[in-house]
Amino acid sequence: MAKEKYKISYMPKEVPLVETKFRRIKTKIPVPESLPIFEELEKYEARSMHGQLPVVWDRAEDFQVFDKHGNCWIDFTSTIFVANSGHANSKVVSIIKEGVEKKLLHTYTFINEYRVKFLKKLIEITPSYLEKAFLLSAGTEATECAMKLMRMYGQTIKPSKIKIISFFGNMHGRTMGAEMLKGDPKSSSWIGYKDPNINHLIFPYPWNPREFRKDIEKLQKKEGFDADDICGFMIEPYQGWAGNLFPKEYIKELFSFARKHNSLVTFDEIQGGFGRTGKLFVYQHYDVEPDLVCLGKGLSGSLPLSAVVGRKEIMDLSDVGSMSSTHSANPLCCAAGLANLEEIETKNLVEESRRKGEILHSRLNELKENFSDYISYVFGKGLLAALIITNPENHEPDASIASRICEKAMQKGLLLVHTGRESIKIGPPLTISDEALIEGIKVIKECFEEIIREN
Ligand SMILES: Cc1ncc(COP(=O)(O)O)c(C=O)c1O
């Protein structure tokens, strides 16, 4: 039987000392001095931000995170897939400093030069059919903006062409439209109603293979809509919690259907973009050309910056002023974005992700063989990976074991992405050294060995 959900402890625990080239743990974990900080957070901050691994970051550099007490972790999170070009990348830091020192912190829609340089660079490095961009701050704003553009596009054809098709379990952000796209009653029940023009397909997991044609026909029948009423598809190129990509054929089918019915296709590359999976964008693994792409996280590698990029005639559908956001194109964020994209290019980080991904995935697959009772799948590509965790007794998905592994890794000087589900996600900065990558994987192995001894 699945055990009760495991809660990561905020009480300091005596743990073995660690001292390696890349990790150092020399205090109880969590650090006793952080208790008052946790208490203040509990008191002043809405609880939705809580529940993460209790490490108080003092600084982060390249692929390491440091606290104030001499502890140091290898980071396999990139602060949730942001720091692709390395934490506090020196080029990013120095251009931000330059902007701060010249006292250019905000310009709203007045033009600043960083904005122009950044946009030019962005359009230069993305495939040629992505011709224009609109800048925002949060990923969720970018997905909302793509929804708006898809519907505006549909209405240029006919008023009823406003249907958006997404996938159950996707993650597109936390604002209303984005949560509607997710199709999860638990996270969208607060909305109080369903938009009848947002419908969902079932994601083709390996344990539940699907055929696009059959599923879309079934959905049409159930919801009673015409295929020509679909203005667009919103696709998360791998499902966030599990890191698993679509079968290529599925996406090919979806595209040929979309093209036939004059529907747009948007990929939400907010998490997977900028080299994470060994290509600039995840959708490039499917050999397709989307109409719109949502970007965020690794776009700046640091400060809040998101974007929608797409074909010119779609990007220009909105009138002057009708897509806007106060912090759009903030000069410091654009400056950071510019240096970040240059670093991704000059350090060849997309190819580095592909190369290091082979090391990561071959070693994770060895772990899967060694701990086959606990690891049912290794998903992902490049420097994105997810281990899907099962309970060895009943072979059911087990979020508790996943949480225990994340907690143990933290105690040993490794930060993993704690999803709160039956997965452990891995996404180090693309700059991580081979040696540190391999050391981190060894730590995961030690965690499984301990779990086996304890169970
Ligand atoms: C695929 C995807 N889309 C959208 C978002 C939302 O981005 P943000 O948290 O910046 O609003 C996320 C965040 O995790 C994401 O992973």
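Preceding block: the structure.
Only a predicted model underlies this, so the values are computations on that prediction, with no experimental measurement involved.

A. Local environment of the sheet that holds strand 18 (residues 417-418). Here 4 strands make up an open sheet; going across it, the order is 15-16-19-18 and the pairing antiparallel. Taken across any chain shown, the strands that pair with only one partner, and hence form the sheet edges, are strand 15 (375-379) and strand 18. Both strand 15 and strand 16 (residues 385-389) contribute to a ladder of 4 bridges, which runs antiparallel. Along strand 16, the bridge assignment pairs Val378 with Leu387. This element, helix 12 (residues 349-370), spans strand 15, strand 16 and strand 19 (423-426) of the sheet and lies at about 170° to strand 15.

B. Molecular detail of the packing of helix 13 (residues 399-412) against helix 14 (residues 434-454). Their axes nearest at 9 Å, the elements helix 13 and helix 14 cross at an angle of 120°. Overall, the two elements helix 13 and helix 14 adopt an arrangement that is oblique. Crossing angle aside, the handedness with which helix 13 passes helix 14 is right-handed. Each of Ile401, Arg404, Ile405, Lys408, Ala409 and Lys412 in helix 13 lies in contact with helix 14, whose residues at this interface are Val443, Glu446, Cys447, Phe448, Glu450, Ile451 and Glu454. The class makeup of the residues in the contact of helix 13 with helix 14 is 7 nonpolar, no polar and 6 charged.

C. Representation of the site of the ligand in the model. Inspection of the region around the ligand gives Ala138, Gly139, Thr140, Met171, His172, Gly173, Glu236, Asp268, Ile270, Gln271 and Lys297 as its neighbouring residues. In this structure, an oxygen atom belonging to the ligand sits 3.1 Å away from a side-chain N or O atom of Gln271. Here the ligand has 390 Å² of accessible area as a free molecule, and 80% of this is covered by the chains.

D. Representation of the pairing of strand 9 (residues 230-235). Burial analysis of strand 9 places 6 of its 6 residues in the buried class, the great majority of the element. Here strand 7 (residues 163-167) pairs with strand 9 via 3 bridges, running parallel. Each residue of the ladder has a partner; that of Ile165, found in strand 9, is Phe233.

E. Quick look at helix 11 (residues 331-346). In this model helix 11 runs 22 Å from its N-terminal to its C-terminal C-alpha over 16 residues, within 8% of the 22 Å that 1.5 Å per residue would give. Burial analysis of helix 11 places 13 of its 16 residues in the buried class, which makes it a mostly covered element. The N-cap residue of helix 11 is Asn330: its side-chain oxygen and the backbone nitrogen of Leu332 are 2.8 Å apart. Two residues or fewer after helix 11 comes Asn348, characterised by a positive phi angle close to 60°.

F. Fine view of the sheet that holds strand 8 (residues 198-201). Read across the sheet, 7 strands follow the order 6-14-13-12-9-7-8 without closing on themselves; strand pairing throughout is mixed. Two strands close off the open sheet at either side, each with one partner strand: strand 6 (132-136) and strand 8. Between one strand axis and the next, the sheet turns by 20° as a mean value, whatever way the strands run. The sheet contact formed by strand 9 and strand 12 (residues 264-268) spans 4 bridges and is parallel. The partner of Ile235 across the bridge, within strand 12, is Phe267. Across the face of the sheet, helix 4 (residues 113-125) comes into contact with strand 6, strand 13 (292-295) and strand 14 (306-310) while running at roughly 125° to strand 6. On top of the sheet, helix 5 (residues 139-157) reaches strand 6, strand 7, strand 8, strand 9, strand 12, strand 13 and strand 14; it is set at about 160° to strand 9, its chief contact.

G. Region of interest: the pattern of salt bridges. Inspection of every chain in the model, using the stated rule, returns 33 salt bridges. Here Glu435 makes a salt bridge to Lys21, at a shortest N to O gap of 3.0 Å. Taken as a pair, Glu435 in helix 14 and Lys21 in the loop between strand 1 (18-19) and strand 2 (24-25) lie far apart in primary sequence, 414 residues in all. The salt bridge involving Lys158 is made with Asp229; its shortest N-O contact spans 2.8 Å. With Lys158 in the loop between helix 5 and strand 7 and Asp229 in the loop between helix 8 (212-223) and strand 9, the pair connects residues that are 71 residues apart, well separated along the chain. Relative accessible area serves as the criterion here: at 14%, Asp229 is assigned to the buried category. Through salt bridges with shared partners, one network takes in Arg404, Lys408, Lys412, Glu446, Glu450 and Glu454.

H. Examining a nonpolar patch on the surface more closely. There is a patch of nonpolar side chains on the surface, built from Ile37, Leu41 and Val56 and spanning about 210 Å² of accessible area. By secondary structure assignment, the location of Leu41 is in helix 1 (residues 35-44).

I. Spatial organisation of the side chain of Glu236. Its location among the elements puts Glu236 in the loop between strand 9 and strand 10 (238-239). Notably, Glu236 is buried but unbridged: the nearest opposite-charge side chain belongs to Lys425, and the N-O separation is 6.6 Å. A distance of 2.9 Å separates the side chain of Glu236 from the backbone nitrogen of Met171, its partner in a polar contact. Of the polar contacts made by the side chain of Glu236, one reaches the backbone nitrogen of Gly240; its length is 3.2 Å. In this structure Glu236 touches Gly169, Asn170, Met171, His172, Phe246 and Asp268, once residues within four positions along its chain are discounted.

Definitions and cut-offs
Residues numbered from 1 in each chain as written. Predicted model: local features only at pLDDT ≥ 70, side-chain atom pairs only at ≥ 80, totals over all residues. Heavy atoms only, no water. Pairing = 2+ DSSP bridges. Helix = DSSP H or I, 4+ residues; strand = E, 2+ residues; numbered from the N terminus. Contact = heavy atoms within 4.5 Å. Axes fitted to C-alpha atoms, helices over the stretch in contact; angles between N-to-C directions. Parallel < 35°, antiparallel > 145°, perpendicular 65-115°, else oblique. Left-handed = near helix turned anticlockwise from the far one by under 90°. Nonpolar A, V, L, I, M, F, W, Y, C, P; charged D, E, K, R; others polar. Near = heavy atom within 4 Å. Polar contact = N/O pair within 3.5 Å; in protein donor to acceptor, adjacent residues only side chain to side chain. Areas by Shrake-Rupley, 256 points an atom, 1.4 Å probe, with all protein chains shown as cover. Buried < 20%, exposed > 50% of the residue type's maximum accessible area, 1.4 Å probe, protein only. Expected span 1.5 Å × (residues − 1). Salt bridge = Lys/Arg side-chain N within 4 Å of Asp/Glu carboxyl O. Patch = residues over 30% accessible without salt bridge, like charges linked within 9 Å, V, L, I, M, F, W, Y side chains within 5 Å. Lys, Arg positive; Asp, Glu negative; His and termini not counted.

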